Every structure is written in structure tokens, then in C-alpha cells.
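Letter by letter, the chains look like this.
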Amino acid sequence: MTRPISRETLIKWAPLLVLIALVIFFTVLNPTFFSARNFARIASASAPALMVAVGVTFIIIMGSIDLSMEGVISLTAVLFSFAFIKLGGTLLGTAWLALPLILIIGGLIGFLNGLVHVKLRVPSFMASLAMGFVGTGAAILITGGDIVRVSDPAFRGLLTVRWLGFPLMVYVAAVFLIVAWFIQEHTRLGRNFYAVGGGEELAHASGLDVSRVRIAGFALAGVFYAIAAVLVVARIGQAESVTGSNFMFVSITSVVVGGVALWGGIGGVWNALIGVLIVGVINNGMVVIGLPDFLQDGVLGLLVILAVVLSTDRKLVSFVK
Amino acid sequence: MYELKSLDKKFPGVHALKAIDFHIKRGEIVGLVGENGAGKSTLMKVIYGAYQPDGGQILINGDAVRFANPRQAMEKGIGMVFQEQSLIPNLTVMENIFLGYEQQFVRLGVINWKEMAKAAKAQLAKVKLDIDPSTVTSKLSFAQRQLVELAKVLTLEERVDGDLVILLDEPTSVLSKDEVELLFKLVRELVTRASFIFVSHRMDEVMELSDRIYVMKDGQVVDVVERGGGGADAESIQHKMVGRNVDKQYYREQLQKPYDPSRVLVEMSGIDLPGRTKDISLRLHAGEVLCLVGTEGSGREAILRAIYGMLSPTGGRLKIKGREVRTYSPRQSVGLGVGYVPRERKIEGIVAGMNVYENMTLSQLKKHSTASVLQVRKERALAREWIRKLSIKAHSELADCGNLSGGNQQKVVLAKWRSAGADIMLLDHPTRGLDIGAKEDVYEMIRAMSDAGVGIVLVADTLEEAIGLSHTIVVVKDGRIQKRFDCVPGAKPSLYDLLHYMI
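Thresholds applied
- Residues numbered from 1 in each chain as written.
- Chains lettered and ligands numbered in written order.
- Predicted model: local features only at pLDDT ≥ 70, side-chain atom pairs only at ≥ 80, totals over all residues.
- Helix = DSSP H or I, 4+ residues; strand = E, 2+ residues; numbered from the N terminus.
- Rg over C-alpha atoms; globule rule 2.2 N^0.38 Å.
- Contact = placed C-beta atoms within 7 Å.
- Buried ≥ 20, exposed ≤ 12 C-beta atoms within 10 Å, placed from the backbone.
- Nonpolar A, V, L, I, M, F, W, Y, C, P; charged D, E, K, R; others polar.
- Axes fitted to C-alpha atoms, helices over the stretch in contact; angles between N-to-C directions.
- Parallel < 35°, antiparallel > 145°, perpendicular 65-115°, else oblique.
- Pairing = 2+ DSSP bridges.
- Core = buried A, V, L, I, M, F, W, Y, C linked by C-beta atoms within 7 Å.
- Domains from an automatic or database assignment.
- pLDDT = per-residue confidence, 0-100.
- Expected span 1.5 Å × (residues − 1).
- Arc of directions from axis to C-beta.

**Considering the overall build of chain A**
Working step 1: Check the secondary structure of chain A and you find 13 helices and four strands.
Working step 2: Relative to the globule expectation of 20 Å for 321 residues, the C-alpha radius of gyration of chain A, 20 Å, shows essentially globular dimensions.
Working step 3: Each principal axis of the C-alpha distribution contributes one length, and for chain A these read about 65 × 55 × 35 Å.
Working step 4: Considering only contacts within chain A whose residues lie at least 6 apart along the sequence, 80% involve residues at least 24 apart.

**A short note on the overall build of chain B**
Working step 1: In terms of regular secondary structure, chain B is built from 18 helices and 24 strands.
Working step 2: Computed over C-alpha atoms, the radius of gyration of chain B comes to 25 Å, within 12% of the 23 Å expected from 2.2 N^0.38 for 503 residues, which places it in the range of a compact globule.
Working step 3: Among the 503 residues that make up chain B, the fraction classed as buried is 47%.
Working step 4: In chain B, of all internal contacts separated by at least 6 residues, the share reaching a separation of at least 24 is 69%.

**So, the interface of chain A and chain B**
Working step 1: Counting from both sides, the interface comprises 19 residues of chain A and, opposite them, 23 residues of chain B.
Working step 2: If you list the elements that add at least two residues to the side of chain A that touches chain B, you get helix H8 (188–198) and helix H9 (200–205) of chain A.
Working step 3: Tallying contributions element by element places H8(A) first for the side of chain A that touches chain B, with six residues.
Working step 4: Residues belonging to the side of chain A that touches chain B are distributed by class as follows: six nonpolar, nine polar and four charged.

**Observations concerning the packing of helix H2 (residues 36–61) of chain A against helix H10 (residues 210–236) of chain A**
All names here are of chain A.
Working step 1: Between H2 and H10, the least distance of the axes is 8 Å, while the angle of their chain directions is 175°. Between H2 and H10, the crossing angle belongs to the class labelled roughly antiparallel. Facing H2, whose interface residues are Ser44, Ala47, Pro48, Met51, Val52, Val54, Gly55, Val56, Phe58 and Ile59, H10 presents Gly217, Phe218, Leu220, Ala221, Phe224, Tyr225, Ile227, Ala228, Leu231, Val232 and Arg235.
Working step 2: Class assignment for the residues of the contact of H2 with H10 results in 17 nonpolar, three polar and one charged.

**A few points about the sheet that holds strand E11 (residues 212–217) of chain B**
Backbone hydrogen bonds hold the strands of a sheet together, and the pairing may be parallel or antiparallel.
Residue and element names in this part refer to chain B.
Working step 1: Here we have six strands laid out as an open sheet, ordered E6-E9-E10-E3-E11-E12, and mixed in their pairing. With partners counted over all chains shown, the strands left at the sheet margins are strand E6 (78–81) and strand E12 (220–226), one partner each. Averaged over all adjacent pairs, the angle separating strand axes in this sheet is 20°, with direction ignored.
Working step 2: Bridge count for strand E9 (residues 164–169) against strand E10 (residues 194–199) is six bridges, and the pairing is parallel.

**A closer look at the sheet that holds strand E14 (residues 280–286) of chain B**
Residue and element names in this part refer to chain B.
Working step 1: Spatially, four strands are ordered E14-E13-E16-E17 in an open sheet, and the strand pairing comes out antiparallel. The open sheet has two free edges, formed respectively by E14 and strand E17 (323–324), since each of these has just one partner strand.
Working step 2: As judged from the two bridges shared by strand E16 (residues 315–320) and E17, these two strands associate in the antiparallel manner. Bridge pairing in E17 links Ile320 to Arg323.

**Section: the nonpolar core**
Generally speaking, a soluble globular protein has its nonpolar side chains buried in company with each other.
Working step 1: Counting residues in each nonpolar core, the largest one holds 181 residues, and the members touching the most others are Leu50(A), Ala229(A) and Ile278(A).
Working step 2: There are two domains that each give this core at least three residues, and those are domain 2 (261–337 + 423–503) and domain 3 (351–421) of chain B.
Working step 3: In this structure, Ile278(A) is in contact with Pro15(A), Val18(A), Leu19(A), Leu22(A), Val257(A) and Ala307(A), ignoring residues within four places of it in sequence.
Working step 4: Counting 65 residues, the second-largest nonpolar core is a separate cluster that includes Leu87(B), Leu129(B), Ile197(B) and Leu209(B).

**What to know about the domain arrangement of chain B**
How big an interface is tends to be stated in terms of accessible area lost as the parts join.
Working step 1: Taken domain by domain, chain B comprises domain 1 (2–246), domain 2 (261–337 + 423–503) and domain 3 (351–421).
Working step 2: Look at where the C-alpha atoms of domain 1 of chain B and domain 3 of chain B centre, and you get two points 35 Å apart.

**Concerning the pairing of strand E18 (residues 338–341) of chain B**
Consecutive side chains along a regular strand alternate between the two faces of the sheet.
Residue and element names in this part refer to chain B.
Working step 1: Neither face of E18 is open: one carries Val338 and Tyr340, the other Gly339 and Val341, and all of them are buried.
Working step 2: Two elements, E18 and strand E21 (residues 424–428), share four bridges in a ladder whose sense is parallel. Following the sheet pairing, Val338 is matched in E21 by Ile424.

**A closer look at the confidence of the model for chain B**
Residue and element names in this part refer to chain B.
Working step 1: Model confidence for chain B is summarised by a mean pLDDT of 84, while 94% of its residues fall at 70 or above.
Working step 2: Across chain B, the element-wise mean pLDDT spans from 67 in helix H12 (residues 345–349) up to 92 in strand E22 (residues 455–459).
Working step 3: Both confidence scores are given for the complex: pTM 0.72, ipTM 0.74.

**Thoughts on the environment of Ala53(A)**
All names here are of chain A.
Working step 1: Examined against the element boundaries, Ala53 turns out to sit in helix H2.
Working step 2: Sequence-wise, Ala53 and Ser35 are 18 residues apart; in three dimensions their C-alpha atoms are separated by 25 Å.
Working step 3: Once residues lying within four places of it in the same chain are set aside, the contact partners of Ala53 are Ser251, Ser254, Val255, Ala272, Gly275 and Val276.

**Here we look at the pairing of E10(B)**
Residues and elements named next belong to chain B.
Working step 1: Of all the six residues making up E10, six are buried; the element is thus mostly covered by neighbouring parts of the structure.
Working step 2: Every second residue of E10 is oriented toward a common face, with Ala194, Phe196 and Phe198 on one face and Ser195, Ile197 and Val199 on the other, all of them buried.
Working step 3: For strand E3 (residues 29–34) and E10, the ladder comprises four bridges, and the chain directions are parallel. Bridge pairing links Leu32 to Val199 in E10.

**What to know about helix H1 (residues 7–29) of chain A**
Working step 1: Spanning 23 residues, H1(A) covers 31 Å between terminal C-alpha atoms, matching the ideal 33 Å at 1.5 Å per step.
Working step 2: Those residues of H1(A) not exposed but buried are Pro15(A), Val18(A), Leu19(A), Leu22(A) and Phe26(A).

**Overview of helix H4 (residues 113–126) of chain B**
Residues and elements named next belong to chain B.
Working step 1: End to end, H4 covers 20 Å across 14 residues, agreeing with the expected 20 Å (1.5 Å per residue, within 8%).
Working step 2: Looking at H4, one finds that the buried residues are Met116, Ala119, Ala120, Gln123 and Leu124. Projected onto a plane normal to the axis of H4, the buried residues spread over an arc of 145° and lie on a single side. Within H4, the exposed residues directed more than 90 degrees away from the buried face are Lys114 and Ala125.
Working step 3: Considering only its buried residues, H4 is in contact with helix H3 (93–97), strand E8 (110–111) and helix H5 (142–154).
Working step 4: Directly beyond the C-terminal end of H4, a positive phi value near 60° is found at Lys128.

**Here's the deal with unusual backbone geometry**
All names here are of chain B.
Working step 1: Non-glycine residue Lys321 carries a positive phi angle of around 50°.
Working step 2: Mapped onto the secondary structure, Lys321 falls in the loop between E16 and E17.
Working step 3: Here the phi dihedral of His429 falls at roughly 45°; this positive angle occurs in a residue that is not glycine.
Working step 4: Take His429: it is sitting in the loop between E21 and helix H16 (436–451).
Working step 5: For His429, a count of 19 C-beta atoms within 10 Å corresponds to the partly exposed category.

Next up, the structure:
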């Protein structure tokens, strides 16, 4: 029996179809695109972005927005590097303590972000954007504009040690993706995100502490930004005040391309994953097919618009604000 | 002049309209009744062009037409007055009336506001509304907005050659008695300009206004009743709609049992609320249905919201189950076993987009989780149990609540609180916007809750409902309690008794 595919099913799978279409597109233009080596490259480039996207997904599900990621990543990357060096400079020693420490700091920054948003009643857009600048500023202040290098081989193993062709950091990101999925599907906090995004007044009227949920959401996002920062440092071996730049565009774009609704309540971490891969594939594909450097940004922008058009359901909203 | 021939509409899994035949003549008022889910709204949407039929024909003066969108339908003279008002609140009245059709007032790219105001004034005169067309719409009363909406639709008269068909979707649901009468008078006068299709839950109104009534059930027209013809009485129409009689036991009075006066659940003494509500003292006992009666704005809702912790009193004392409440928040009230069924189901009742079980357990996630990890299997089992208990029509506990009918949404809201073990229920217009069948289900649930020892504070949709359901009626007027009635079955106060203290 042939049954026409329903609209809902199509919408649900559209981002994945777009991803597959992109892979086919770039493979046709250059067959070397479709190789384990290249996929490993895409995966390791996408791993930090995925963590950022997952973090911001929680916020967007709540119907808010978080634009602090660039500053938070820069600051946590710099702090992590300093702490790592101060604590001995090798993962085999006490320097591993820098890892939990930085996750806590990330969470605290996010918590502060949430406090400003909720308690001072500043719109999340504004509060987080400002907090991002504060983060970048703090990173400059701490480094004095210098670059902090982390060259511990054990730590860089996240990038250099490969398992089945993929660097370890890809698996780390995968593990945290699953953690995020678990939070989303199986915890009260995750359910509360959807409730707040789907109807804040209702969540309040159901006896939920909406403020607490919001602050917790921002804190959780901060933790994921910190994870991203650690992965970035592992990938490039250094931290500076511009380590976080570009993550805002990449992460927000990924989340939207992946099909998370900006007005809240719809989507989840799997959408973020697909979105990050779409953006990652576009970025990588342009290099592989040999597109000149100076065209890449422009083309990325155009392809992202195309991907949003193809992969998101805009019929639900009469006005796209 | 307007006709539907064996019209069909299917959605995935649902045959929403089955071979509908329908016609309306020039200057006629046609009523459309049916329970929620009978297909009324789908039919309306097909008529005004929001849905396209899958089979059958739409004929205007004998010519087959097909509308791709509501705008095309409007160009053929079919206008819709929405139940959820469709005016943009931050625009002025005239801007709303001519929204999308400003071109006629544009000279050299600039809108001539004076001319638009004059034209708007002329439109408003058609509905006998004497307001300044440059008033911002949000400043108008609900009834006024409804008339503006009607005036907006009547602009089609100048724009379209043929005849007008105007759909009125539940136009009276938010109007007071006098306003309804004014509206009806107006509609009767306007039949010289247009034909009307009138959809309402209130049978008496449909009976009063319509020349002909189409009765729908399960996506079919089960009967067409002509005015003055056989079967043109409310009871037989209702019978056809629901397939059962609405008799004197409507409010389940025979099931009313005395409450337990020894167990006081809520005690308010001398509560003052922000605004003009002052010195409220009342007691709610286990198994009691206490009805707050008063006009809109009399303070009934404020009292309800205070018990729920959404409004903090400025004076007096509130005790819930013997414990004095000092800080007010819904969170705390929920913890004390208070459940709240709001009037605005869509805003405070259910989260559309979340499924049935997620909605049901929203207020009690703590109970369904260990160390904050949810036990989804238990949640789903609970939801299945309540879907069965309350015979909620949903394909499963995974159904999106936004897609359920109003009655079923209300059942989900009730199940949410009952399953959480709430034993103080605050019901704000629990039957608003529901059809008779769903209303009866709600009455049944209220009785069952009361039997189970739940204390219920009710703000009813109608006085009859209040009298029928309650053990105690408290009449509120201008923020003060005027009178308390005991409502023993057989010796209930009359409408007149209540009105005397209300107005």
C-alpha cells in the first residue's frame, strides 16, 4: 500500500533529508568528500559546536534566547587553560581537577546570566548578550591579550588519539549529547523546559517555579558551553580572548536549521545534532570542493538560508518575527 | 444562492465531513449546531476558504467555485466573524476595518486618514456603533469589538458584486444578555444586506434567530429543522445532537449528598484583596460544592485566585486545611492539595504541543520522579488509567493535547489535578465553551469529586448551573459577600433569589 507521507512526518525528518542531500551534493562535486577521513574531520570540527548548540537548545525550548556563548567560551577556555597549567599542566597529574572545576564555573556564569534575566527582569536576549561581552572582557583582562598554550600530550589526546578513525573528543561530545538527551527526556528539568516554552502562564498555574526553571536552564547551558570550551582548547591547543568567536552564529543557526522552533516548546537535542552536522557539512564541503576562501562566508550564509527554508516548518507561524 | 453539494473533507485518520448538503438563500439566517467534534468548525473553515474540500462542490448562484484561501472566499462575498476575535488590538478601529484594503485611501503613496475615518464611520453606522474610528481597538469592550468585527466583514458589501454570506462563530459566548439582544436585533436588520450562518452552543439563541437549523453529528448533517416545522424545539434538537435526552437530571441533583461539616478545608476570615474586594469570610468543607455567584468583575475570580495563591491578600487570614497561609504562591497551594481549573484553558489549562500524559503529570512531576529522573512508564500508565476513567477521547496518552476538543482538554485538566490527589478544587467556568455532552461529563465529574470528599469552589457559567450543582451559594457583589444560601436538593434558591442580591 502506498500512502502519501504526511506533512508532520515530512517536517519531522526534513532536517535529516537536507543533511543527506548536502552530503550527496558535495560527494558528487568531489568524491573525496565521502571518506572516513573527511567525516572524522567534520566530526571533530563539529564537536565543540555541538556542545554549544545543545546548551542553547535548552534555552530556546524555553522560548528564551542565549547569546552569551562566545564570551562564556572565551572566558572558560582561558580559565581552564590557566587552571590546567597551575595544577601541574598534565592530565596524568592533578590537572584533571581543572575539568570539573571549569564545568562548575561555566554553570556559575550561566546561573548569573539566568539571575540577571529573571531577577532583574532583563529580556534574555539582552541579558545574555551583555553577559557575553562581560565574558570576553574578563578573558582579555585575565590574559592581557596573550595566548595561553596547553600542550600536554595526554590532554591533546582528545584530538590526537583516534578510535575507529574518530578522535576521542567526538566520543566525549557524543557522551554529553546522550546526557543532554537524558535530561531532556527523562528528568523533571527537561520536562519543565518544554512546559515553560509551551505555556509559561500555565506552567506557573500548575505550581511550577518558572523562575527556578529558567535559571536552571541558563546554568545548564553554561555547563555545556564550558564543555565546548574544553573541547576547543583540546582541538587547537591554546586559549585566548577570541576562542569563542563564531560560535554564536554557528550554534544558533544549527539549532534553527535542525528544526528547533525559536518560539519555544518544539524540538530537542537531536535537532541540534542534525543542525550542527548540516552547518559542519556545508563548511567542510566548501573547502573540499575548493571554493575560494573569500566566497565561503557568503555562500555559507546563502546555504544556511536555503537549509532553513527546506528544513523548518514555518507554516505554523503566520508572522515570522 | 450559496450551496454545498455532498461535500467531503478528510484528515489523516478522520473523516471530518461526510457528504454535507447545505444551502442558504438570500437574506436567510441559518443556524448550525452540533456537539464539539461534530464537524461544525471544519465546515465553517471550508465555507470561508481556510480548508479545501476533498470531494463535492461549492456552488454560488449555481456556479462551482473553489477557494484557495480565505481572501478568495471574501472576494466572492463570504466573510467570517471570528469567535476568537481577529482584530489587532494595537491598531485603531479604522485601520482594523480596512486592514489589507488600505489602497483605496492612498493618494500619491500616502494614506488619507480623514477619508479612511469617514469610510470607517459609515461602516460603523451599519452596525449602529457610534465610536471614534481612530480609537485604539484594545480600549473597546468585548461587545464593541465584536461589532467592529462585523463592520469589517460588512465592508465586503462595497467590494463584492454578489451577495454576502457572513459566518458568525459563537458570537454570543462573551456577551451579556443585553448585548446579545442588541446583536440579534442588528443581525435581523442586516439580512437586507447579507445572509448569515450562525453557530452557537446556546440552543435557545439558535432557535430564536435562525430560519433553518442544520444539526450536525459525527461529520454529517443529521437533521434540518425549519422554523415552525416539526421538531423545532430545543429538546428534540438537543436529542438529535447528542443522541440522548437532556432532562431534569441535567445537573445531577439527585446525586447531591450532604457534605461533611466537621472537616473544614479552606477558611477565609476577613480577607481583603487588592482592588475593591473586602472582608471576605467563607468556609469550604470536605465534599462541598461552594459556588461563588456574582456579575463579571464582582470579585468572584479574585477570591478564587487568592485561594490558589495567585493573588496576595492585603489583610485577613486564610487557612488551608487548618494551616495558616502566610506566603502566597501557586506552588505552595499545589503542595497543600489545591487544584485550579482556569477559565482560559488555552493559556492556563493545557500546554498545546505537549501530549496527554505530559500535561497530566505537569503539576506532580516530583511524585513521578526519583532524584529528579522521570519514570515515564508510570506516568503513561497513570494517563491511560485516567483516559479510561474519564473516557477522554484521545487516540492514546501520546496524543497532542492541542489537537483534542475543548471537552477532552478540560477532562485532561481535571485529571491532572485529581490524579495528583488534589482535594480542594477551584473551578473557574469549567464548562465554558463546551457542548452539552461534555458539560454533562463535567457535572458528573464534579459530583464524583464531591462524593470523594473533595471540596470544590466553583464559578459557574450560568446561574442555573450554579444552583443545580452547589451545596452552598455565596453571592458576591462589588467585592463583598452579600448573602449565603444553603442549597439542599428540592429546596434550592431560585434564579430570582440570587438576582435580587447580585444586582
